Amino acid sequence: MSPELLVLRVIHIYGAVMWAGTSLFVAFFLIPAIGAAGPAGGPVMGALIKRKLFTIVPVVAVVTMLAGVRLMWLTSQGFSAAYFSSTMGQTYSLGATFALATFFVFMTVSYPAIGRMMALGQQIAAAPEAERGALGAQLNAIRSRAATASKIAALFISITIVAMALGRYM
């Protein structure tokens, strides 16, 4: 096995573990916990943003996908049709498609929602009592949308995990 292949596999697998683990944790533990904490959840989200979680994970996702594309190029001998007509090639392609879909959902729904939630949280803190109810309703609607998107992304990344884990044996 070539050194390039070994390095790409380590990058791809390590990145996938970080990306998928974070996605599943956020969808099933973090967002529900922050929602249950109410206004006390705001500082936790602020701390995660300050630590650049929502910047680092998308970068890791991109590096993971780029390593995966290169691995697929090498494994398929230049994206040959014969490879993609095989069950293994189709399984890896399915996993790659769902990885892209996961990234798309995060970047188009979850990531913007995080920014809007933080901005609304600051507005609520500074708003007069009479306006807080309406702002809180907006915040809850955005939080609900982000939670739904996170669960969809978790489903997609789970399909990716299964396809990547089984692809070699198909």
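Report on the accompanying structure. (Residues numbered from 1 in each chain as written. Predicted model: local features only at pLDDT ≥ 70, side-chain atom pairs only at ≥ 80, totals over all residues. Heavy atoms only, no water.)

This part takes up unusual backbone geometry. Look at K52: it is not a glycine, yet its phi comes out positive at around 65°. Inspection of the secondary structure puts K52 in the loop between α2 (41-50) and α3 (53-75). Even without a glycine there, the phi angle at F79 is positive, about 60°. Among the structural elements, F79 can be located in the loop between α3 and α4 (81-85). (Helix = DSSP H or I, 4+ residues; strand = E, 2+ residues; numbered from the N terminus.)

Time to look at the environment of A99. With respect to the element layout, A99 can be found in helix α5 (residues 87-126). Residues contacting A99, with those up to four places away along its chain left out, are W19, M65 and T160. (Contact = heavy atoms within 4.5 Å.)

On to the packing of aromatic side chains, then. Applying the stated criterion across every chain yields a total of six aromatic pairs. Aromatic side chains W73 and F79 sit 5.1 Å apart centroid to centroid with 80° between the ring planes, which places their arrangement in the edge-to-face category. F79 sits in the partly exposed class, given a relative accessible area of 37%. Consider the rings of F79 and F84, whose centres lie 6.1 Å apart with planes at 40°: the pair is tilted. Note on F84: relative accessible area 25%, which makes it partly exposed. Taken together, the ring pairs in this structure connect W73, F79, Y83 and F84 into an aromatic cluster. (Phe/Tyr/Trp six-rings, centres within 6.5 Å; stacked < 30°, edge-to-face > 60°. Buried < 20%, exposed > 50% of the residue type's maximum accessible area, 1.4 Å probe, protein only.)

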